[in-house]
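# Chains, contacts and geometry: an overview
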Amino acid sequence: RCQAMNKIFILRNDNTLDRVKAGLYNELKTAIYDKPIQVTLSLYKEDKTAEQRAWFHTLCRLLGDELGYTLHEIKELVKAEMLPSKMVTVAGITKEITESSEKLKRDGYSELIEATYRLAAEAGVVLPLPNRYAK
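Since the model is a prediction, treat every value here as computed from it, not as a measurement. (Residues numbered from 1 in each chain as written. Predicted model: local features only at pLDDT ≥ 70, side-chain atom pairs only at ≥ 80, totals over all residues. Heavy atoms only, no water.)

### Concerning the confidence of the model for the chain
The test is simple: The predictor attaches a confidence to each residue, and that confidence, scored 0 to 100, is pLDDT. Here a helix means four or more residues in a row that DSSP labels H or I, a strand means two or more in a row labelled E, and each is numbered from the N terminus.
Mean pLDDT for the chain: 83, with 84% of residues reaching 70 or above. Considering each helix and strand of the chain separately, the mean pLDDT is smallest for helix H1 (residues 17-30), with a value of 76, and largest for helix H3 (residues 71-82), with 95.

### A word on the packing of aromatic side chains
Heads up, the condition is: In summary, the pairing rule links any two rings of Phe, Tyr or Trp, Trp by its six-membered ring, whose centres are within 6.5 Å, and it sorts them by plane angle into stacked for under 30 degrees, edge-to-face for over 60 and tilted for everything else.
As enumerated under the stated definition, the model contains one aromatic pair in all. Between phenylalanine 56 and tyrosine 109, the aromatic rings sit 6.0 Å apart at their centres with planes inclined by 90 degrees, giving edge-to-face as the arrangement. Of the two residues, phenylalanine 56 sits in helix H2 (residues 50-67) while tyrosine 109 sits in helix H4 (residues 106-122), which places them 53 residues apart along the sequence.

### Looking at the pairing of strand S2 (residues 93-98)
Where we set the bar: Note on pairing: two strands pair once DSSP finds at least 2 bridges between them.
With six bridges connecting them, strand S1 (residues 85-90) and S2 associate as antiparallel partners. Residue valine 90 lies in a different strand from S2, and its bridge partner there is isoleucine 93.

### Overview of the packing of H3 against H4
The condition is simple: In this description, a line fitted to the C-alpha atoms serves as the axis of each element, helices being fitted only across the stretch in contact, and the angle between N-to-C directions of two axes falls anywhere from 0 to 180 degrees. Roughly parallel here means an angle under 35 degrees, roughly antiparallel means over 145, roughly perpendicular means 65 to 115, and every remaining angle is called oblique. Take the far helix as your reference; a near helix turned counterclockwise from it by less than a right angle gives a left-handed crossing, and one turned clockwise gives a right-handed crossing. Pairs of residues are marked as contacts when any of their non-hydrogen atoms sit within 4.5 Å. For this classification, the nonpolar set comprises Ala, Val, Leu, Ile, Met, Phe, Trp, Tyr, Cys and Pro, the charged set comprises Asp, Glu, Lys and Arg, and every other residue, Gly included, is treated as polar.
Where H3 meets H4, the closest approach of the two axes is 10 Å, and the angle between their N-to-C directions is 110 degrees. For the element pair H3 / H4, the angle class is roughly perpendicular. Crossing geometry of H3 relative to H4 is assigned as right-handed. Of H4, the residues touching H3 (which contributes Val78, Lys79, Glu81 and Met82) are Glu111, Leu112, Ala115, Thr116, Arg118 and Leu119. Grouping the constituent residues of the contact of H3 with H4 by class yields five nonpolar, one polar and four charged.

This is the structure in structure tokens:
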């Protein structure tokens with residue numbers, strides 16, 4: 001039986017190449033396979049991350065602080081610009097509700113973040129750029 005689990009090795013820069021080569025070599029050397037395996041190289045695309053969600057909220061809070069609105073108010077404004085909405089009626093009260101951002105994948109969150117930067121720029125507010133790989 002195949003003792004190896006699916007393994008993913010992420011190359012981000014030249015510093016990780018030796019570590020990834022060693023990890024892949026060790027995985028192939030120590031695993032016992034009763035069926036053929038496949039090794040694939042492809043561009044890495046992350047799913048939405050907690051980091052990405054947190055950055056969107058940070059930008060909304062910063063923009064809100066500059067303009068005198070809450071994080072929630074700015075978040076709703078950005079979502080209303082980017083996401084579909086629907087009318088919801090309960091007990092005779094009808095309201096337009098914007099879809100949740102939680103359904104979005106990484107690309108959708110990237111669009112929300114870009115929309116936040118765009119709205120801030122249009123309002124004359126300069127938001128900081130992310131520094132993802134800062135140590």
